[in-house]
Amino acid sequence: MDFFSFFKKKNTPPSGTVAKDRLKLVLVHDRVNCSSQVLEMLKTDIIKVISNYMEIDEEELDIQITQTESDDKSGTVPVLYANIPIKSMRKVNQD
Amino acid sequence: MSEVIVITSGKGGVGKTTTSANLGCGLAVLGKKVALVDADIGLRNLDVVMGLENRIVYDLVDVVEGNCRLKQALIKDKRFDGLFLLPAAQTRDKDAVSPEQMQKLCDNLKEEGFDYIIIDCPAGIEQGFKNAIAGADRAIVVTTPEVSAVRDADRIIGLLEANGLNNPTLILNRLRIDLVNRGEMMNIEDVTEILAVDILGVVPDDESIVIATNKGEPAVSNPESRAGQAYRNIVQRIMGEEVPLMTFEEEPETFMEKLKKLFRR
């Protein structure tokens, strides 16, 4: 360890933390047991349904399974995260 | 009362066989009658870790197929009173045995009056795993503090619970406290938090394990070995006693290391 590395090191987390974070994310996917194929099918269906009501930016669409803290704060739970940019609303016949 | 305990991990090379050998010996030292069963058919190894490789006549498949009686296949370990090994077959496939046959074998071993029957499970989640867990009353999952090993342990825990083996306990093997203290290895809390299981024990990474395995003498019988002490603690916990987790301290630095550090500053 030289003198300058003392300053450099602060920015990157230690590899143990990196390992834990990577592991958590991998396990979210493993535990949900959702293949990328299924996720792709889900994505197509979501686009289909939403397109009935609004015009969306399919290029920028982002759908993934990730995790969030549970409501009772007892741990983390898997969530389906979808970021769907809307270009414009369609006129929907309401009756 | 006898209990069948399966030692499993998913990933290979994390220390299932070493753990099986040490727990078996440790229980026998405390006066229990123990059968060690090597369920890794085709890749038998528990015999060499135990140093009993020259005494094999019959194996697990011979017993299951009725080529010999159970008692004929059980190798008595002369160093530890009450310790017996049932070796795996080396020249057969995993599907030479069915889960039903393993279940029956475990029942027969219970009838022989064994207090503990320890099953060394093969790596993987296929037929060999299904066979090994078929007759088990409880499961111990072995892992190391690495992403791949913990991931596989998580999968195994799910499969165990799906097969009715609820609340498996965890042995965290090969922990390097110097790396943990520097933040370069996941610590005990990290792993238990992620896997959400009770910890049965933590075994430090210890060269005495390598030496013991070279000689075919389980480290648990070596009073000097740190890993051996960790296994002795685990044995007591298996028998229902409450033993606190080992405290981990870094190895004291040698003079040369101190000198090096001095110049690095």
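Residues numbered from 1 in each chain as written. Chains lettered and ligands numbered in written order. Predicted model: local features only at pLDDT ≥ 70, side-chain atom pairs only at ≥ 80, totals over all residues. Heavy atoms only, no water.

Sorry, what's going on with the overall build of chain B here?
The helix and strand inventory of chain B stands at twelve helices and eight strands. Oriented by its inertia axes, the alpha-carbon framework of chain B measures out at about 70 × 40 × 35 Å. For chain B, restricting intrachain contacts to residue pairs at least 6 apart in sequence, the fraction spanning at least 24 positions comes to 73%. Total accessible area on chain B is roughly 12,500 Å²; 47% of this is exposed by carbon and sulfur atoms. Once the 31 positive and 42 negative side-chain charges of chain B are each reduced to a mean point, those two points are 4 Å apart. (Helix = DSSP H or I, 4+ residues; strand = E, 2+ residues; numbered from the N terminus. Contact = heavy atoms within 4.5 Å. Areas by Shrake-Rupley, 256 points an atom, 1.4 Å probe, with all protein chains shown as cover. Lys, Arg positive; Asp, Glu negative; His and termini not counted. Charge placed at Lys NZ, Arg CZ, Asp CG, Glu CD.)

Sorry, what's going on with the sheet that holds strand β6 (residues 138–143) of chain B here?
Sheet strands associate in pairs through backbone hydrogen bonding, adopting either a parallel or an antiparallel arrangement. Residue and element names in this part refer to chain B. Judged by pairing direction, the sheet is mixed, and its eight strands sit side by side in the order β3-β4-β2-β5-β1-β6-β7-β8 without closing on themselves. Looking at which strands have only one partner, the edges of the open sheet turn out to be β3 (75–76) and β8 (199–204). With five bridges joining them, strand β1 (residues 3–8) and strand β5 (residues 116–120) adopt parallel strand pairing. Its bridge partner being in β5, E3 is matched across the sheet by Y116. Along the sheet face, helix α5 (residues 99–111) touches β1, β2 (34–38), β4 (83–86) and β5 and points at about 150° away from the line of β5. Packed onto the sheet, helix α11 (residues 226–238) meets β1, β5, β6, β7 (169–175) and β8 and runs at close to 170° relative to β8. (Pairing = 2+ DSSP bridges. Axes fitted to C-alpha atoms, helices over the stretch in contact; angles between N-to-C directions.)

When you look at the interface of chain B and chain A in this model, what are you seeing that I'm missing?
Taken together, the contacts link 14 residues of chain B with 15 residues of chain A. Taken over both partners, the interface formed by chain B and chain A buries close to 1,200 Å², and the fraction arising from carbon and sulfur atoms is 57%. Across the contact surface, chain B and chain A share five salt bridges. When the shortest N-O distance is used, the salt bridge between E193(B) and K24(A) registers 3.4 Å. Connecting chain B to chain A are eight residue pairs in polar contact (both at pLDDT 80 or more). Residue assignment for the side of chain B that touches chain A shows that the elements contributing at least two residues are α7 (147–162) and α9 (188–195) of chain B. Here the residues of the side of chain B that touches chain A are counted per class, giving six nonpolar, one polar and seven charged. (Buried area = accessible area lost by both parts, 1.4 Å probe. Salt bridge = Lys/Arg side-chain N within 4 Å of Asp/Glu carboxyl O. Polar contact = N/O pair within 3.5 Å; in protein donor to acceptor, adjacent residues only side chain to side chain. Nonpolar A, V, L, I, M, F, W, Y, C, P; charged D, E, K, R; others polar.)

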